[in-house]
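Summary of structural features
Letter by letter, the chains look like this.
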Amino acid sequence: MDAIKRYFRSPAAIVGLLLLLVVIGMAISAGWFYPRDPLSLAGRPLIWPFSNPRFLLGTDNSGRDIAAQIFHGARIALLIGGAATVIAVVIGVLIGAFAGYFGGIVDTVLMRITEAFQILPNFVLLLVLVAVFGSTLTTVTIAVGIVSWPAPARLTRAEFLSLRNREFVQAGRTLGMKDLQLILGEILPNALPPVIVYASVVMAVAILLESALAFLRLSDPNVASWGNLIGLGRDVLRVQWYVAAIPGIAILLTVLAVSLVGQGLNDALNPRLKGR
């Protein structure tokens, strides 16, 4: 309850939560408001927003309803962002936990693997993975998760290094608890709060990475994603700028919402801020 109270003390965190709830609401209600395929032709191409009551946000180059793509695109953004974050955090926590707990040669090997993934920029590595394994929605999601795990791994390792010699861990060893029991049952619950907070950063970056891929037409073209719509709007950017601007604003607000929620979680869960 104290953590919830600390969260709602921050106006920015409340705004972020409200924005995120709006995006989630769009994703949930997309099938109700727009039951048809959002990529099906709906009207005349390039109708400006608010000029036709049937198409509040206008139509794109092919005559598809932009509002329908925005609502259904919220599903794709949350799906890719959420699933990629889970993949990245699970991989990162496992590698970071074992590296930080055991140290020595285990730490050295796992950190060299982590550094190998960090040699190339995330987006370049993502392009390589998509080029090799394809650009389906599943492949893109897994690829985004794979390129995003090193930062959670380093954060988890740092937490384990600071916790592995604490009194409660020593007491567990004295009681005969095995290494896996200490890692999962004693240290990990205490190391998770900063990782959970950082997961919001991973999710925001995951949404941006997928949008960048879609903009370059390297993501799945058969789904109504915001990045695909921005890429389509690039061809008419000088005259019908709204085609790219509307999904761009959707991405901006979603990433902002996730970031503000993450900051609010940091204020709520960070023990150093409890007294403020």
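For clarity, every value in this text was computed on a predicted model and none was experimentally measured. (Residues numbered from 1 in each chain as written. Predicted model: local features only at pLDDT ≥ 70, side-chain atom pairs only at ≥ 80, totals over all residues. Heavy atoms only, no water.)

Comments concerning the overall build of the protein
Summing up its helical and strand segments, the protein has 11 helices and 0 strands in all. The dimensions of the protein, computed from C-alpha atoms along their principal axes, are 75 × 45 × 30 Å. Within the protein, contacts between residues at least 6 apart in sequence are counted, and of these 70% link residues at least 24 apart. Approximately 13,900 Å² of the protein is accessible, and the part contributed by carbon and sulfur atoms is 68%. Positive and negative side-chain charges in the protein, numbering 21 and 14 respectively, have mean positions lying 4 Å apart. (Helix = DSSP H or I, 4+ residues; strand = E, 2+ residues; numbered from the N terminus. Contact = heavy atoms within 4.5 Å. Areas by Shrake-Rupley, 256 points an atom, 1.4 Å probe, with all protein chains shown as cover. Lys, Arg positive; Asp, Glu negative; His and termini not counted. Charge placed at Lys NZ, Arg CZ, Asp CG, Glu CD.)

Concerning a nonpolar patch on the surface
Where nonpolar side chains cluster on the molecular surface, the patch consists of Leu18, Leu21, Ile24, Ile28, Trp32 and Phe33 and spans about 690 Å² of accessible area. Looking at where Phe33 falls in the secondary structure, it is placed in helix H2 (residues 11–33). Taking the relative accessible area as the measure of exposure, Phe33 reaches 58% and is therefore exposed. (Patch = residues over 30% accessible without salt bridge, like charges linked within 9 Å, V, L, I, M, F, W, Y side chains within 5 Å. Salt bridge = Lys/Arg side-chain N within 4 Å of Asp/Glu carboxyl O. Buried < 20%, exposed > 50% of the residue type's maximum accessible area, 1.4 Å probe, protein only.)

Some points on the UniProt feature "domain: ABC transmembrane type-1" (unreviewed entry) in the protein
As annotated by UniProt and renumbered to match this structure, "domain: ABC transmembrane type-1" (unreviewed entry) occupies residues 74–262. As a span, residues 74–262 carries 82% helix and 0% strand, and end to end its C-alpha atoms are 19 Å apart. (UniProt positions renumbered as here; feature names shortened; annotations may be inferred.)

Things to note about the UniProt feature "transmembrane region" (unreviewed entry) in the protein
Per the UniProt annotation, the sites labelled "transmembrane region" (unreviewed entry) are residues 12–34, 76–102, 123–147, 195–218 and 239–261. The span residues 76–102 is 100% helical and 0% strand by assignment, and the distance between its end C-alpha atoms comes to 39 Å.

Considerations on the side chain of Ser219
Checked against the element boundaries, Ser219 lands in the loop between helix H9 (179–215) and helix H10 (226–233). Among the polar contacts made by the side chain of Ser219, one reaches the side chain of Glu210 at a distance of 3.1 Å. Sequence-distant contacts of Ser219, defined by excluding residues within four places in its chain, comprise Ser135, Val140, Glu210, Leu213 and Ala214. (Polar contact = N/O pair within 3.5 Å; in protein donor to acceptor, adjacent residues only side chain to side chain.)

Let's talk about the side chain of Asp107
Relative to the assigned elements, Asp107 resides in helix H4 (residues 104–118). With residues up to four places along the chain from it excluded, the contact list for Asp107 reads Ala99 and Arg157.

Re unusual backbone geometry
Of note, the phi angle at Phe50 is positive, near 65 degrees, even though the residue is not glycine. Summarising the element assignment, Phe50 is placed in the loop between H2 and helix H3 (66–102).

Notes on helix H5 (residues 122–133)
With 12 residues, H5 should reach 16 Å at 1.5 Å per residue; the first-to-last C-alpha distance of 16 Å fits that figure. Residues of H5 that are buried include every one of Leu125, Leu126, Leu129 and Val130, and no others. Viewed end-on, H5 has its buried residues packed into an arc of 135 degrees, placing them on one side of the element. With respect to the buried face of H5, the exposed residues turned more than 90 degrees away are Ala131 and Val132. Structurally, H5 contributes buried residues whose contacts are with H4, helix H6 (137–147) and H9. (Expected span 1.5 Å × (residues − 1). Arc of directions from axis to C-beta.)

So, the pattern of salt bridges
Under the defined criterion, the tally for this structure stands at 5 salt bridges. Taking the shortest distance from any N to any O, the salt bridge between Glu115 and Arg112 comes out at 2.8 Å. With a gap of 3 residues between them, Glu115 and Arg112 both fall in helix H4, about one helical turn apart. With a relative accessible area of 32%, Glu115 lands in the partly exposed category. Judged by its relative accessible area of 42%, Arg112 falls in the partly exposed class. With a closest N to O distance of 3.5 Å, Arg154 and Glu115 form a salt bridge.

Remarks on the nonpolar core
Generally speaking, nonpolar side chains in soluble globular proteins are found buried as a group. Among the nonpolar cores identified, the biggest contains 31 residues, and Leu20, Ile66, Ile70, Ala74, Leu78, Trp226 and Val243 are the most heavily contacted of them. Where this core is concerned, the elements lending two or more residues are H2, H3, H9, H10 and helix H11 (242–269). Considering every element that reaches this core, the biggest residue donor is H11, with 11 residues. Beyond its immediate chain neighbours, meaning those up to four positions away, Leu20 contacts Leu78, Ala257, Val258 and Val261. Judged by nonpolar contacts, the second largest core, of 14 residues, contains Val89, Phe160, Val169 and Ala191. (Core = buried A, V, L, I, M, F, W, Y, C linked by side-chain atoms within 4.5 Å.)

Points about the environment of Ile95
Inspection of the secondary structure puts Ile95 in helix H3. Here Ile95 falls in the buried class, since its relative accessible area comes to 17%. When the C-alpha positions of Ile95 and Leu127 are compared, they lie 24 Å apart, and in sequence the two are 32 residues distant. When neighbours within four sequence positions are excluded, Ile95 is seen to be in contact with Leu110, Met111, Thr114, Trp149 and Ala153.

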